[in-house]
Amino acid sequence: MIRLAFPCLALLFASTPLTAGSSEISGAPRVAVGSPKTVLALEGGRWFDGDGFVEGTWYSVDGLMTRKRPTQIHVRIDLKGRYVLPPLADAHNHNLQNAWSAATFADDYLRRGIFYSAQLAANADEISGHRGLLGGPGRVDVLWAEATLSSSDGHPLGLALAGARQAGMPEKPEDFIDKAFWAIDTHTDLATKWPKIAESQPKLIKVIVVDDAHAAAQRKDPSSYGQRGMSAALLPTVVKRAHAIGARVAAHVDSADDIARVVAAGVDIVAHLNTRIPSGLSAADLRLSDETIADMKRRGTVVIPTVAVTRYYLKAHPEDRIALMAVIGDNLARLKAAGVPMLTGSDLFDGSVVDEIEAMNATKVFGTGELLRLATKITPQAMFPERRIGVFAEGAETSLVAYDADPTHDLSVLRAPRLAIKQGEILAR
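For clarity, every value in this text was computed on a predicted model and none was experimentally measured.

A. Seen up close, the overall build of the protein chain. For the protein chain, the helix and strand inventory stands at 13 helices and 18 strands. For 429 residues, the compact-globule formula gives about 22 Å, and the C-alpha radius of gyration of the protein chain, at 23 Å, lands near that figure. Taken along the three principal axes of its C-alpha coordinates, the protein chain extends 75 × 45 × 40 Å. In the protein chain, which comprises 429 residues, the share counted as buried stands at 55%. Accessible surface, the protein chain: about 17900 Å² in total, of which carbon and sulfur atoms supply 54%.

Spelled out as structure tokens, the structure:
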């Protein structure tokens, strides 16, 4: 999406009847027509209140919402009965973590009505050159996991080496270790490297745990090199250090046992639920114990299920579909019944949180209204707790997406947003 300065308005809508001190826009604007300083009247909409849609009129003054009619209105927008949601949030992705991918995908977020993204394996040095180009009116807001902690032979080293090989470059682990991610094999490694990790004052740190119960066996298998993880025994110290600098900790996991270990260590976020059946394990090894679920509820541990990302594994292993989806549905149902908090996140480089909403809906565990509330209110508020977002309320940020039909009746409506406004700025499609 793009944005243009407000003075262009007369040219853009020259054929639209104008009233004194205001202009009127019917239907779906295709260009940005104002800045957060533009006073908007948002009329004739049906507004999502977390349960359903309520008719009403809102105004935007200085990028904030109000019910009180301003003395002067610059732009009047007739929503024509459209259904209005707060913007969507994707709490798990990786497609803005370098300058090329950010330039390629950032506008796609806005076109899809997704204004908030968590990038869960960034590093401070790589994002330093482009992070300033993201965030604020007219741009997607990003929560960065600015440090990823793994083992010196762990994920994502395997992906990095495979990428180098595909590009015809030398496969040198030293090009990635303590650069793309931090190699933490011992408490001494953690103590030595922590000052540099903490230097960028990260708000979120990612840790990699991969079938920790069988770590010794993994290291006897050369084919697992670059796909292993950090010892869960180090996690309590990582969590303590992270919390001391105001950072939350998200954990990549591979099995139900991994989840039990990272939860007991005090991580804030479980970044996956069940995305595959790991080698040497079965679907039964993915089923969360009642004790783990109770521990998550007690601690307030947040889960990002990433159901949609199973598509990659199931494309190669279609024979596992029934077993994998059954355990996912069972885990989700018990987590929901226990009141464990969940967020929407896709982990799809070539997809979005809309795919995740549809995948979660297919489990039959959630209603469409619940999923919309997760994606538009609970997730963005968890990502940016200091901001007034995810609701239509007095003083909240004027950020919204309008659709032609009711998405609670048909979630595919989310794929065709008609109008988007971010922090008081109208965005182009």
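B. Spotlight on the pairing of strand β13 (residues 248–252). Among the five residues that make up β13, four are buried, leaving the element largely enclosed by the rest of the structure. Both strand β12 (residues 204–208) and β13 contribute to a ladder of five bridges, which runs parallel. Across the sheet, Leu204 pairs through a bridge with Arg248, a residue of β13. Of the pairings in the sheet, the one linking β13 to strand β14 (residues 269–270) comprises two bridges and is parallel in character. Among the inter-strand pairings, Ala251 is bridged to a residue of β14, identified as Val270. Considered for its hand, the β-α-β crossover made up of β13, helix α8 (residues 256–265) and β14 is right-handed.

C. Spotlight on the packing of helix α12 (residues 353–362) against helix α13 (residues 368–383). With their axes 10 Å apart at the nearest point, α12 and α13 run at an angle of 145° to one another. Considering only the axes of α12 and α13, their crossing is right-handed. Only Thr368, Leu371, Leu374 and Ala375 of α13 make contact with α12, whose side of the interface consists of Ile357, Met360 and Asn361. Residue classes in the contact of α12 with α13 are distributed as five nonpolar, two polar and no charged.

D. Structural context of helix α9 (residues 290–299). All buried positions along α9 are accounted for by Thr292, Ile293, Asp295 and Met296. In an axial view of α9, the angular spread of the buried residues amounts to 160°, which keeps them on one side of the axis. Seen from the open side of α9, the exposed residues pointing more than 90 degrees away from its buried face are Asp290, Glu291 and Arg298. Against the buried residues of α9 lie α8, β14, β15 (302–303) and α11 (321–338). Phi turns positive, to about 75°, at Gly300, one or two residues after α9.

E. The packing of aromatic side chains, seen in detail. Taken as a whole and judged by the stated rule, the model has eight aromatic pairs. Seen from their ring centres, Trp47 and Phe392 are 4.9 Å apart, and the 85° between their planes marks the pair as edge-to-face. Within this pair, whereas Trp47 is found in strand β3 (residues 40–48), its partner Phe392 is found in the loop between α13 and β16 (400–403), the two being separated by 345 residues in sequence. We classify Trp47 as buried; its relative accessible area is 4%. Residue classification places Phe392 among the buried positions, given a relative accessible area of 14%. Here the aromatic rings of Phe115 and Tyr116 are separated by 6.4 Å at their centres, their planes lie at 70°, and the arrangement is edge-to-face. For Phe115, a relative accessible area of 0% gives the class buried.

F. Main features of the packing of α9 against α11. Close contact between α9 and α11 brings their axes to 10 Å; oriented N to C, the two are set at 40°. If you check the angle between α9 and α11, you find them oblique. In the crossing of α9 with α11, the sense of the turn from one axis to the other is right-handed. Contact residues: α9 offers Asp290, Ile293, Met296 and Lys297, while α11 offers Arg334, Leu335 and Ala338. Residue composition of the contact of α9 with α11, by class: four nonpolar, no polar and three charged.

Conventions and cut-offs
Residues numbered from 1 in each chain as written. Predicted model: local features only at pLDDT ≥ 70, side-chain atom pairs only at ≥ 80, totals over all residues. Heavy atoms only, no water. Helix = DSSP H or I, 4+ residues; strand = E, 2+ residues; numbered from the N terminus. Rg over C-alpha atoms; globule rule 2.2 N^0.38 Å. Buried < 20%, exposed > 50% of the residue type's maximum accessible area, 1.4 Å probe, protein only. Areas by Shrake-Rupley, 256 points an atom, 1.4 Å probe, with all protein chains shown as cover. Pairing = 2+ DSSP bridges. Right-handed = clockwise from strand over helix to strand, strands pointing away. Axes fitted to C-alpha atoms, helices over the stretch in contact; angles between N-to-C directions. Left-handed = near helix turned anticlockwise from the far one by under 90°. Contact = heavy atoms within 4.5 Å. Nonpolar A, V, L, I, M, F, W, Y, C, P; charged D, E, K, R; others polar. Arc of directions from axis to C-beta. Phe/Tyr/Trp six-rings, centres within 6.5 Å; stacked < 30°, edge-to-face > 60°. Parallel < 35°, antiparallel > 145°, perpendicular 65-115°, else oblique.

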